[in-house]
Amino acid sequence: MTVKEITNIIEDFAPLNYAEDFDNVGLLIGDATAEVTGVLATLDTLENVVDEAIEKNCNLILSFHPIIFSGLKKITGRNYVERVVLKAIKNDIAIYSMHTALDNSNKGVNAKICEVLGLTNTKILIPQKGTIKKLTTYAPKNEAELLKEALFIAGAGTIGNYSNCSFTTNGLGSFKPNTNANPTIGKIGETKTEEETQINVTFEKAKETAILKALFKNHSYEEVAYEITTLENTNQNIGMGMVGELENALNEVDFLQEVKNKMNVDCIRHSNLLNKKIKKVAVLGGSGSFAINAAKAVGADIFITADLKYHQFYEAENKLILADIGHFETEQFTKNLLVEILTKKIPNFAISLSESITNPIKYF
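Residues numbered from 1 in each chain as written. Predicted model: local features only at pLDDT ≥ 70, side-chain atom pairs only at ≥ 80, totals over all residues. Heavy atoms only, no water.

**Remarks on the environment of Ala306**
For step 1, the next point in the chain: Checked against the element boundaries, Ala306 lands in strand E13 (residues 302-306).
For step 2, the next point in the chain: A relative accessible area of 0% places Ala306 in the buried class.
For step 3, the next point in the chain: Spatially, the C-alpha atoms of Ala306 and Ala294 are 15 Å apart, while their sequence positions differ by twelve residues.
For step 4, the next point in the chain: Dropping the residues within four chain positions of it, Ala306 is found in contact with Leu284, Gly286, Ser287, Gly288, Asp324, Gly326, His327 and Thr330. (Helix = DSSP H or I, 4+ residues; strand = E, 2+ residues; numbered from the N terminus. Buried < 20%, exposed > 50% of the residue type's maximum accessible area, 1.4 Å probe, protein only. Contact = heavy atoms within 4.5 Å.)

Put into structure tokens, the structure is as follows:
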């Protein structure tokens, strides 16, 4: 398999166009057409991870965090980023990152945290905006149903738990082919009036290319009239963080101890305990201070995240507990998730879970 064939599997699971605008995702180093000898899944790509990839004969590293985040003006090996880039290039190792694309997946980073903590009835904490679009097109009335079916197969017409959703109206369309046209119906130089059906279908933006391909392939007109608009609706299946429930409510101390055990955490920084049971739990892997208000808004009893600053703990305002368990700790199971995704699709391919330690923070 090639690098592109492997990364396509990851992108089917977590499309890159759901990544945040500030992020740097996709193939960072290497040739997309290169044949893959083995895949190494890791949270971070450091020099010891590249060494591990060399030792295990893996020429593709799937890394959650991008080793190249901002622009590199020189590559001289003066810092750890440049040394990783140099070593990867010298050894023909490709590096690919999905970062916030996987953060925003409803089966991604935060779903994995929920799974480890045993949360049920999970849903996205902050649904992403601007990811639902609408296609409007026009087809001859007698061809409308076949065209709709082709669009459905390509992924259009899916709304939440419903599929094959559309809205159609019938009317009259007119057109006059010029001398350069090759019309399927009508004659050059004559205005043609045709009974047409207007078709409206919504779709997730990650499927736009496939849907337009299906539109052009299955439409009989030489020139296909269509328009695409971005809707204001939030996408309940894409977004940052998740919220779920414990099967049985626990007191605060018992739950925090359970978090330490299940998430392999040495210590937890937290706001005031409120002397109440923990039932609804919000989580957000990595730096999650921006989601404190969202966690309060959904009525979470505790919000588990990382990288909270001193004054941000005040924002709990005795409405919930803020628990900072560490950046690495919230995302540590992500590499396991990457292995699971690929193993399900290509079980006989060489896929390795990195054994390298990449957490830069130590506890005394």
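Next comes the rest of the description.
**Some details on unusual backbone geometry**
For step 1, the next point in the chain: Despite not being glycine, Asn57 shows a phi value in the positive range, around 60°.
For step 2, the next point in the chain: Locating Asn57 in the fold gives a position in the loop between helix H2 (47-55) and strand E3 (60-63).
For step 3, the next point in the chain: With a relative accessible area of 52%, Asn57 lands in the exposed category.
For step 4, the next point in the chain: With a phi close to 55°, Asn121 is a non-glycine residue in the positive phi region.
For step 5, the next point in the chain: One can find Asn121 in strand E5 (residues 120-128).
For step 6, the next point in the chain: Residue classification places Asn121 among the exposed positions, given a relative accessible area of 60%.

**Some remarks on the nonpolar core**
For step 1, the next point in the chain: Counting residues in each nonpolar core, the largest one holds 27 residues, and the members touching the most others are Ile6, Ile10, Val39, Leu60, Leu62, Leu102 and Leu342.
For step 2, the next point in the chain: The set of elements that each furnish at least two residues to this core consists of helix H1 (3-13), strand E2 (39-42), E3, strand E4 (94-97), helix H4 (99-103) and helix H11 (334-345).
For step 3, the next point in the chain: With five residues, H11 is the largest single contributor of residues to this core.
For step 4, the next point in the chain: Each residue touching Leu62, except ones within four places of it in the same chain, is listed here: Thr7, Ile10, Val39, Leu40, Ala41, Thr42, Tyr96, Leu338 and Leu342. (Core = buried A, V, L, I, M, F, W, Y, C linked by side-chain atoms within 4.5 Å.)

**So, helix H7 (residues 208-218)**
For step 1, the next point in the chain: Turning to H7, its buried residues number three or more, namely Ile211, Leu212, Ala214 and Leu215. With its buried residues spanning 160° around the axis, H7 presents them on a single face. Exposed and oriented more than 90 degrees from the buried face of H7 are Thr209, Lys213 and Lys217.
For step 2, the next point in the chain: Against the buried residues of H7 lie strand E6 (132-140), helix H6 (144-153), strand E8 (192-204) and strand E9 (226-230). (Arc of directions from axis to C-beta.)

**Notes on the environment of Leu60**
For step 1, the next point in the chain: On the secondary structure map, Leu60 appears in strand E3.
For step 2, the next point in the chain: On the basis of relative accessible area, Leu60 is assigned to the buried category, the value being 0%.
For step 3, the next point in the chain: Contacts of Leu60, omitting those with residues within four sequence positions, involve Val3, Ile6, Val36, Gly38, Val39, Leu40, Ala94 and Tyr96.

**Some remarks on the packing of H1 against H11**
For step 1, the next point in the chain: With their axes 10 Å apart at the nearest point, H1 and H11 run at an angle of 110° to one another. The angle between H1 and H11 places the two elements in the roughly perpendicular class. The handedness of the crossing between H1 and H11 comes out as right-handed. On H11, the residues touching Ile6, Ile9, Ile10 and Phe13 of H1 are Leu337, Leu338, Ile341, Leu342 and Lys345.
For step 2, the next point in the chain: Per-class residue counts for the contact of H1 with H11 are eight nonpolar, no polar and one charged. (Axes fitted to C-alpha atoms, helices over the stretch in contact; angles between N-to-C directions. Parallel < 35°, antiparallel > 145°, perpendicular 65-115°, else oblique. Left-handed = near helix turned anticlockwise from the far one by under 90°. Nonpolar A, V, L, I, M, F, W, Y, C, P; charged D, E, K, R; others polar.)

**What to know about the pairing of E3**
For step 1, the next point in the chain: Both faces of E3 are covered, namely the face carrying Leu60 and Leu62 and the face carrying Ile61 and Ser63.
For step 2, the next point in the chain: Sheet topology places E2 next to E3; four bridges connect them, and they run parallel. Its bridge partner lying in E3, Thr42 is registered against Ser63.
For step 3, the next point in the chain: Read as a crossover between parallel neighbours, the route from E2 over H2 to E3 is right-handed.
For step 4, the next point in the chain: Pairing analysis gives four bridges linking E3 to E4, with the strands arranged parallel. Across the sheet, the residue bridging to Ile61 is Ile95, located in E4.
For step 5, the next point in the chain: This β-α-β element, E3 to helix H3 (residues 80-90) to E4, shows right-handed connectivity. (Pairing = 2+ DSSP bridges. Right-handed = clockwise from strand over helix to strand, strands pointing away.)

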